[in-house]
Amino acid sequence: MSSSVSPFVRAYDVSREDFREQTAEERYGIPENFLEIEIRNPQFHGNGRTKYVDYEIVCNTNIPAFKLKTSTVRRRFSDFEWFRDALERESTRVNIPPLPPKVYFNNRYSDEVVEQRRQSLERFLQIVAGHPLLQTGSKILCPFIQDPNFSRDTY
């Protein structure tokens, strides 16, 4: 039998230092870049035809494109609709995901519907905020997520 080594198999020396065990800090420390977006605490406002729900957006990040490391703002569904349309106009190179459909029925303020919408808006915002082209190229992404005084009229 031949003792030749296949040219496709690489011999590794496991005694080398680059195979050392990770430290606890390396395993569980803060990652180089992180972005956490949470939508929570839906609140009802108004009565009758003027009733609406807004949601709290909490952002924690160390990504340089975001001006604040931690922020909390409130936005309503119509703000998200405007935001999505503005992102599509602003960035033709990025496919912006859809929002959950608008609910027109009497149960649109039920706990179940509000929770489903909250989850869908959170997923939408996590996808959009995590996109590198939008992080560096969008003028409205960071203000929408972080500026409590955000106004559509400014953009």
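Just so you know, the residues in each chain are numbered from 1, in the order the chain's sequence is written. In keeping with the predicted nature of the model, local features appear solely for residues at pLDDT of at least 70, side-chain atom pairs appear and are counted solely at 80 or more, and the whole-chain, interface and lining totals rest on all residues. Side-chain numbers come from the whole structure's heavy atoms, not from hydrogens or water.

Peer 1: Quick question: what am I supposed to make of the pattern of salt bridges here?
Peer 2: For side chains bearing opposite charge, pairing can occur when the charged atoms are close. Salt bridges are counted wherever a side-chain nitrogen of Lys or Arg sits within 4 Å of a carboxyl oxygen of Asp or Glu. Taken as a whole and judged by the stated rule, the model has 8 salt bridges. Measuring nitrogen to oxygen at the nearest pair gives 2.7 Å for the salt bridge that ties E56 to R40. Remark: R40 occurs in strand β1 (residues 35-45) and E56 occurs in strand β2 (residues 52-61); sequence separation between them is 16 residues. Each residue gets one of three labels from its accessible area relative to the maximum for its type: buried under 20%, exposed over 50%, partly exposed in between, using a 1.4 Å probe on protein chains only. Of the residues examined, E56 reaches a relative accessible area of 14% and is grouped as buried. The salt bridge involving R74 is made with D54; its shortest N-O contact spans 2.9 Å. Placement of R74 in strand β3 (residues 70-76) and of D54 in strand β2 is noted, with a sequence separation of 20 residues between them. Classification of R74 by relative accessible area gives partly exposed; the value is 25%. The class of D54 is buried, set by a relative accessible area of 9%. Several salt bridges share partner residues, and in doing so they unite E38, R40 and E56 into one network. Secondary structure counts use DSSP, requiring at least four H or I residues in a row for a helix and at least two E residues in a row for a strand, with both numbered from the N terminus.

Peer 1: Explain the sheet that holds β2 here, please?
Peer 2: Two pairing modes exist for strands in a sheet, parallel and antiparallel, and in both the strands are linked by backbone hydrogen bonds. Within the open sheet, the 3 strands sit side by side as β1-β2-β3. Their pairing is antiparallel. Unpaired on one side and paired on the other, β1 and β3 mark the two borders of the sheet. Between one strand axis and the next, the sheet turns by 20° as a mean value, whatever way the strands run. Summarising the sheet, β1 and β2 pair through 9 bridges and their orientation is antiparallel. Note that in β2 the partner of L35 across the bridge is T61. The contact rule is simple, with two residues in contact once any of their heavy atoms fall within 4.5 Å. Lines fitted to the C-alpha atoms define the axes, with helices restricted to the stretch that makes contact. Angles between their N-to-C directions range from 0 to 180 degrees. Packed on one face of the sheet, helix α2 (residues 77-90) meets β1, β2 and β3 and runs near 100° to β3. Packing against the sheet, helix α3 (residues 111-129) makes contact with β1 and β2, and its axis sits at approximately 145° to β1. Pairing between strands requires that DSSP locate at least two bridges from one strand to the other.

Peer 1: What should I look at first to understand the nonpolar core in this one?
Peer 2: Proteins that are soluble and globular tend to have nonpolar side chains buried together. To define a nonpolar core, start from buried Ala, Val, Leu, Ile, Met, Phe, Trp, Tyr and Cys residues and group those joined through side-chain atoms within 4.5 Å. Ranked by size, the top nonpolar core spans 31 residues in total, and within it I57, F80, F83, L125 and I145 carry the most contacts. Listing elements by their share of this core, those giving two or more residues are β1, β2, α2, α3 and α5 (141-146). Residues contacting L125, with those up to four places away along its chain left out, are I37, I39, I57, F80, F83, F144 and I145.

Peer 1: In this structure, what is going on with the packing of aromatic side chains? I would like to understand it.
Peer 2: By convention here, two paired aromatic rings are described through the distance between centres and the angle between planes. By convention, a stacked pair of Phe, Tyr or Trp rings (six-membered ring in the case of Trp) has centres within 6.5 Å and planes under 30 degrees apart, an edge-to-face pair has planes over 60 apart, and any other such pair is tilted. With the rule as written, the count across this model stands at 7 aromatic pairs. Consider the rings of F80 and F124, whose centres lie 6.5 Å apart with planes at 70°: the pair is edge-to-face. Of this pair, F80 sits in helix α2 while F124 sits in helix α3, and the two are 44 residues apart along the sequence. A relative accessible area of 0% places F80 in the buried class. When its relative accessible area of 2% is taken as the criterion, F124 is described as buried. Here F83 and F144 contribute two aromatic rings whose centre-to-centre distance is 4.0 Å and whose plane-to-plane angle is 5°, an arrangement assigned as stacked. Of this pair, F83 sits in helix α2 while F144 sits in helix α5, placing them 61 residues apart in sequence. The exposure class assigned to F83 is buried, which follows from its relative accessible area of 0%. Judged by relative accessible area, F144 falls into the buried class, the value being 0%.

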